[in-house]
Amino acid sequence: MLKPLRALLTDRRRARSLAVASVTLAAAGIVLVRAPKPSHGGPRSSLLAPEVAPPQTSPSASRAPSVAFSTAALHGRVAMAQGAVSPGGVSHVYAEIRVEADAAGDREVQRPVAMALVLDISGSMSGEKIEQARGSVLSLVDQMRDDDRIALVTYSDTARIVQPLARVADVRQRLHAVVPAIGIEGGTNIPAGLAAGAGALESVPSSFARRIVLVSDGQDTSGQPLDRTASRVRERAEQGVTLSALGVGADYDERFMSRVADAGRGNYEFLRQGSQLRAFLTRELNEATRTTVDNARVAVRLPAGWSLARGYGAEVRSDGRELTVPLGSMYAGEARRLVLDLLVNPTVAQGVHGLGSAGALHARLDYDDLRTSAPVTREVGQLAMAVAPSALDANASRDPAVFAEAEGTVIAARQAEAVVAWRSGDRAQAAAIAQQNLTTLRALQAAAPTPTRAAQISAYSRDRSAFEDMSAASEEGRAYGLRSNAIHRRALRSATAY
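Notes on the structure follow. Every value quoted in this text rests on a predicted model; they were computed, and no experiment measured them.

A few words on the overall build of the protein. In terms of helices and strands, the protein carries 13 helices and 17 strands. Here the analysis covers contacts within the protein between residues at least 6 apart in sequence; of these, 74% occur between residues at least 24 apart.

Our next topic: the environment of glycine 305. Of note, glycine 305 is situated in the loop between β11 (291–301) and β12 (306–312). Remark: the alpha-carbon pair of glycine 305 and asparagine 345, spanning 40 residues in sequence, is separated by 5.1 Å.

The sheet built from six strands is open, its strands ordered β3-β17-β16-β11-β14-β13 with mixed pairing. Both outer strands of the open sheet, β3 (84–85) and β13 (317–319), are each paired with one neighbouring strand and no more. For β3 and strand β17 (residues 374–387), the ladder comprises two bridges, and the chain directions are parallel. Note on β17: the bridge partner recorded for valine 85 is valine 387.

With antiparallel pairing, the five strands of this open sheet are ordered in space as β1-β2-β4-β15-β12. At either margin of the open sheet sits one strand with a lone partner, and together these are β1 (66–70) and β12. Strand-to-strand twist of the sheet, defined as the mean angle between neighbouring strand axes without regard to direction, takes the value 20°. Where β1 and strand β2 (residues 74–80) come together, five bridges link them in antiparallel fashion. The residue bridging valine 67 from the neighbouring strand is valine 78, located in β2. Contacts from helix α10 (residues 400–423) reach β2, β4 (91–101), β12 and β15 (335–344) within the one sheet, and its direction differs from that of β4 by about 95°.

All right, on to the packing of aromatic side chains then. Taken as a whole, this structure holds five aromatic pairs when the rule is applied. Pairing tyrosine 252 with phenylalanine 270 gives two aromatic rings, centres 6.4 Å apart and planes at 25°, and the pair type is stacked. On the criterion of sequence distance, the pair formed by tyrosine 252 in the loop between β9 (241–248) and α6 (254–263) and phenylalanine 270 in strand β10 (residues 265–271) is long-range, its members being 18 residues apart. Given the relative accessible area of 4%, tyrosine 252 is considered buried. Considering the side-chain rings of tyrosine 460 and tyrosine 498, the 5.6 Å spacing of their centres and the 85° angle between planes classify their relative orientation as edge-to-face. One end of the pair, tyrosine 460, is in helix α12 (residues 451–469); the other, tyrosine 498, is in the segment after α13 (475–491), with 38 residues separating them in the sequence. Take tyrosine 498: its relative accessible area is 24%, and that puts it in the partly exposed class. Through successive ring pairs, a cluster of aromatic residues spans Trp422, Phe467 and Tyr480.

Rules used throughout
Sequence positions are assigned chain by chain, starting from 1 and proceeding in written order. Confidence filtering applies because this is a predicted model: local features only for residues at pLDDT of at least 70, side-chain atom pairs given and counted only at 80 or more, and all residues used for totals across whole chains, interfaces and linings. Processing note: side-chain calculations cover all non-hydrogen atoms of the structure and skip hydrogens and water entirely. Put simply, DSSP H or I for four residues or longer makes a helix, DSSP E for two residues or longer makes a strand, and each gets a number counted from the N terminus. Contacts were defined at the residue level, with two residues in contact if any of their heavy atoms lie within 4.5 Å. Should DSSP find at least two bridges between two strands, the strands are regarded as paired. Lines fitted to C-alpha atoms define the axes, with helix axes restricted to the stretch in contact, and inter-axis angles between N-to-C directions lie between 0 and 180 degrees. Each pair of aromatic rings taken from Phe, Tyr and Trp, with Trp reduced to its six-membered ring, is defined by centres within 6.5 Å and is described as stacked if the planes are under 30 degrees apart, edge-to-face if over 60, and tilted in the remaining cases. Exposure is judged per residue with a 1.4 Å probe applied to protein chains only, and the accessible area is read against the type maximum: over 50% gives exposed, under 20% gives buried, and values in between give partly exposed.

Now the structure itself:
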């Protein structure tokens, strides 16, 4: 009789949690339907009205499937936010993927680094920015080990190789003489600078951590389509060359810089002042030195009746039901979070998999282990999904913790939308999106509090105040928007951004 009693108590606790959450959400004005997709083509609104119960870890407490994996260099899990879908209509279902590179401790090997710095020297970089950039480059050179490799490229209307790739010990003294003389000139031909930086790394063996760091404070003046530039950056990333983009000041091309950073699987940052550049170059060097994994990627095979609506946290490549989520290189201790918003058609799924079954998602992890110089493939496993008798039963199958984390990721994309709307002059739209996000987050937090969600709420409250009190066209407003969006973008791939 003990087991049935535990099950009964669990059901009663879940019912009480659902009732409390429903009251909270109703009081907040959230309706138990999915909001329509925004007309401006951004990410869809959150599902709203989840079963916001406290996180439960007992296998009997949730039917949502989850599979953990562990290898010599990476560990993590793949989890579905729910174990069943509604029998009527197409359902949105979240899959959350967490991947962490093991902190190697005594086994950690300091990897040699080959870094190409691609530095904007257009007219807008004059004054404090170029002075700080010169000092930051020299500081980086002094921190690099003798056997690391460095190349320095400057660009304006065209690109110039100030220092071809060379062993740091052989050129350190020369760079201390040459860098202070770097001057200002011309426009901002970013693709030319990127091509020169990539060319400098072409002959570097894969035993090195290869990284391009792009620094710009202006708008690209090359006239080349951004899609073409991003495609070339993506091709280099497939070959193990990471690209990070650092935007300096309040007037650079945010769309360009963030897009190439995504394609290059590196970092994107906003730097309000040139004085911040030194710290970020140091971080880039530290990450590259601690790289333990290259070409990490998660392959997901969807069952019949499933399709991808949108991925968050990485560029997701879709070939029908075959999805590839490239992560690129990872350094020791780095944690990545990915969310897949999937569409499940129960009618099609049951026609293939049988009555009551929506099929099973299959996941596989691939990467190159730099400690052993060997490729690794790990079958993560299958996560089965049922078709519930009713929508209420489908909601009851949700894992509250996984669902809330996935919702938080989707909401981060929505918040970036709000910032874009504000910067385009539509304060009403920005405020409406931000308020919806805050309402949902506060309801989630009331039922299942976490410090991360509290920090997210605080950040969005600051955004909401800025939308009301600050002009987006002012220098302060431009800087605020760039900084806020950089944070929201980081939140799409990491749980610690806020």
